[in-house]
Amino acid sequence: MKLLAARRGRQPTSRGGTIADLASESIRDPVYVDSQLVVKRTEFPLGLRFAGEIDINNSGAIARSLMTAFPNGGTPHLDFTNLVFCDISGIRALVTCAQNLGPGRVLLIHGLPEQLATVMRVTGWADLPYLEICDCEATAR
Amino acid sequence: MSLVSPTPKFRHEALLYAGWPEFVSGTVPFIRGGVEADEAILVVVSPEKIDLLRTALDRDADRVTFANMNEVGSNPARIIPLWREFVDANAGRVPGLRGIGEPIWKGRSEDELSECQRHESLLNVAFDSGPAWQLLCPYDVAQLPTGVVVEARHSHEHLLSRSGTNQSVEFRGVEGCGAPDTRALPEPRSVAFETSIDRPSLRAIRAQLAHHASAAGLSPATSARLVTAVNEIATNSVVHGGGCGKLRMWADSSKLVCEVRDQGSIKNALADRTKPGTDPAHARGLWLANQLCDLVQIRSFDHMTVVRVHMRLGTGPRLSLVTPDDGRDGGTRN
């Protein structure tokens, strides 16, 4: 498990690859990578793209990454299209990040998988004002 | 010395009836009493009995909110949250509240019946210290086994029958109702998958669960719900249950069951049926399991907790759960 500094200004990459593809890409510019998750920064819109699985083995590291990922205002976009699994500790990290964004800011989630949408709905986290779920196809590149 | 009236509190009463005419004659006066007192009334029974009551109540039925117990109570641990919502929405806004709930009927499986009886006990715990309201729980004594009626006398402080209203001398009390559930669970005839739980193994366990759930005939969506729930319970073992645990999985003709055992202990009797707030720190695992799965059974001792989650199986063709490479580790129960 290793946190890496993000490199900015890269060209958009193609979407829809496998986790292995994304892991391969992540060698170039991952924000975070471990044996079950790759997180990459996206530029258009500003945000992060997740591929793999989040559970108690990496949710703490994800929470720490998220706390410092969006310091400069604006609306952070999270692309979950390739997030295969996320447990409650992972959602807790997202909620905490969204809470800490500050007044008027929201965390916008794209491509929310059905498994995660169900969990967020039944735990009451889908209705938080600072966490917005976009029902579009994922947009991040 | 002055006499002080007892503070109004939650009144939990079993209606012991035999046949539908007695169901009507036992419930309709109770409902009409609420209508006349301008109370909020929620009736949670089967669709057939909702129709029966609508007919019997005529225009008064418009003053009653009905809910289908077959849906609400398909997992009985979801019933207390419904009553909680009803009480929170109405207490203090209307002169009173009353409800009718019939979670137990002929045809419930043994596992469902067992958890319905736990639900009936936990109602006393859930509402003992809150606003005053009345809940009437019908039991069809002509249809149900004697043991079920005996248990109703243990879990209800009041009994209503042909002979009128009586205090149940067999009521086990609120404290007794909230005691940890240590009833024995039936052993499966065979286990399809068994493995140890620890922190690094969670991802592999999810993959194995998904594989076996699919082999048992669960749809991808249902399988995802099961995997999510079991992952949370296994995570509880890692975080709260001594750092490790044991997982077993099996199926019979009607259901798939996953069991997690660990060395933890659950002290809060309502842990699995208290809706979490939005605060990220609130526990959610057991609540989530009840919302995602058809039945959750919790047995907790001083140094051991067993949680079983059930998913009903459809009627379509199924493959065998047992595969040559199903990852058995030959471990024993802790």
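Now for a description of the structure that goes with this document. (Residues numbered from 1 in each chain as written. Chains lettered and ligands numbered in written order. Predicted model: local features only at pLDDT ≥ 70, side-chain atom pairs only at ≥ 80, totals over all residues. Heavy atoms only, no water.)

Attention now goes to the overall build of chain A. Helix and strand counts for chain A come out as four helices and seven strands. For chain A, the α and β elements follow one another from N to C terminus as β-α-β-β-β-α-β-α-β-α-β. Considering chain A as a whole, with its 141 residues, one finds that 55% of them fall into the buried category. The long-range share in chain A, meaning contacts at least 24 apart out of those at least 6 apart in sequence, stands at 67%. (Helix = DSSP H or I, 4+ residues; strand = E, 2+ residues; numbered from the N terminus. Buried < 20%, exposed > 50% of the residue type's maximum accessible area, 1.4 Å probe, protein only. Contact = heavy atoms within 4.5 Å.)

Right, let's get into the overall build of chain B. In terms of helices and strands, chain B carries 10 helices and 12 strands. Compactness check: chain B gives a C-alpha radius of gyration of 22 Å against a globular reference of 20 Å for 334 residues, within 12% of the reference. The C-alpha extent of chain B, read off along each of the three principal axes, is 65 × 50 × 35 Å. Here chain B holds 334 residues, and 53% of them are scored as buried. When the accessible area of chain B is evaluated, it comes to approximately 15,100 Å², of which 52% is carbon and sulfur surface. (Rg over C-alpha atoms; globule rule 2.2 N^0.38 Å. Areas by Shrake-Rupley, 256 points an atom, 1.4 Å probe, with all protein chains shown as cover.)

To continue, consider the pairing of strand β5 (residues 77-86) of chain A. Residues and elements named next belong to chain A. Counting buried residues along β5, eight of its 10 residues qualify, which places the element largely inside the surrounding structure. Sheet topology places strand β4 (residues 47-54) next to β5; seven bridges connect them, and they run parallel. Residue pairing across strands places G47 opposite H77, the latter belonging to β5. Crossover connection from β4 via helix α2 (residues 59-69) to parallel β5: handedness right-handed. As defined by bridge partners, β5 adjoins strand β6 (residues 107-110) across three bridges and the pair is classed as parallel. (Pairing = 2+ DSSP bridges. Right-handed = clockwise from strand over helix to strand, strands pointing away.)

This part covers the sheet that holds strand β10 (residues 255-262) of chain B. All names here are of chain B. Read across the open sheet, the five strands follow the order β8-β9-β10-β12-β11; overall the sheet is antiparallel. The sheet terminates laterally at β8 (193-197) and β11 (295-300), the two strands that pair on one side only. Strand-to-strand, the axes of this sheet are offset by a mean angle of 15 degrees, without reference to chain direction. Relative to strand β12 (residues 305-312), β11 runs antiparallel, the two being bridged by six bridges. Bridge pairing in β12 places L295 opposite H310. Lying over the sheet, helix α5 (residues 110-127) contacts β10, β11 and β12, oriented at roughly 60 degrees with respect to β11. Against the sheet, helix α8 (residues 202-215) engages β8, β9 (245-251) and β10, with an angle of about 165 degrees to β8. (Axes fitted to C-alpha atoms, helices over the stretch in contact; angles between N-to-C directions.)

A common measure of how large an interface is: the accessible area buried when the components associate. With 24 residues of chain B at the interface, the matching set in chain A holds 21 residues. Overall, the association of chain B and chain A removes approximately 1,900 Å² of surface from exposure, summing both partners, and the carbon and sulfur fraction of that is 59%. Contact with chain A buries area across many residues of chain B, yet R203, P280 and R284 of chain B alone supply 32% of it, more than any other trio. Viewed at the interface, chain A and chain B are joined by three salt bridges. For R206 of chain B, the salt bridge goes to D55 of chain A, with nearest N and O atoms at 2.9 Å. Connecting chain B to chain A are nine residue pairs in polar contact (both at pLDDT 80 or more). Among the secondary structure elements, those contributing two or more residues to the side of chain B that touches chain A are α8, α9 (220-240) and α10 (285-292) of chain B. Top contributing element to the side of chain B that touches chain A by residue count: α9 of chain B, with eight residues. (Buried area = accessible area lost by both parts, 1.4 Å probe. Salt bridge = Lys/Arg side-chain N within 4 Å of Asp/Glu carboxyl O. Polar contact = N/O pair within 3.5 Å; in protein donor to acceptor, adjacent residues only side chain to side chain.)

Another point: the packing of α5 of chain B against helix α6 (residues 146-155) of chain B. Residue and element names in this part refer to chain B. Orientation of α5 relative to α6, taken along the N-to-C sense of each, is 20 degrees, at an axis distance of 9 Å. Relative to α6, α5 is oriented roughly parallel. Relative to α6, the crossing made by α5 is right-handed. On α6, the residues touching L113, Q117, E120, S121 and N124 of α5 are V148, E151 and S155. Its residues placed into classes, the contact of α5 with α6 shows two nonpolar, four polar and two charged. (Parallel < 35°, antiparallel > 145°, perpendicular 65-115°, else oblique. Left-handed = near helix turned anticlockwise from the far one by under 90°. Nonpolar A, V, L, I, M, F, W, Y, C, P; charged D, E, K, R; others polar.)

Counting 68 residues, the largest nonpolar core has F50 of chain A together with L226 of chain B as its most contacted members. For this core, the leading source of residues is α9 of chain B, giving seven residues. Excluding anything up to four places from it in sequence, F50 of chain A contacts L37, V38, V39, I62, L66, L78, D79, F80, N82 and L83 of chain A. With 33 residues, the next largest nonpolar core counts V44, A67, F127 and C137 of chain B among its residues. (Core = buried A, V, L, I, M, F, W, Y, C linked by side-chain atoms within 4.5 Å.)

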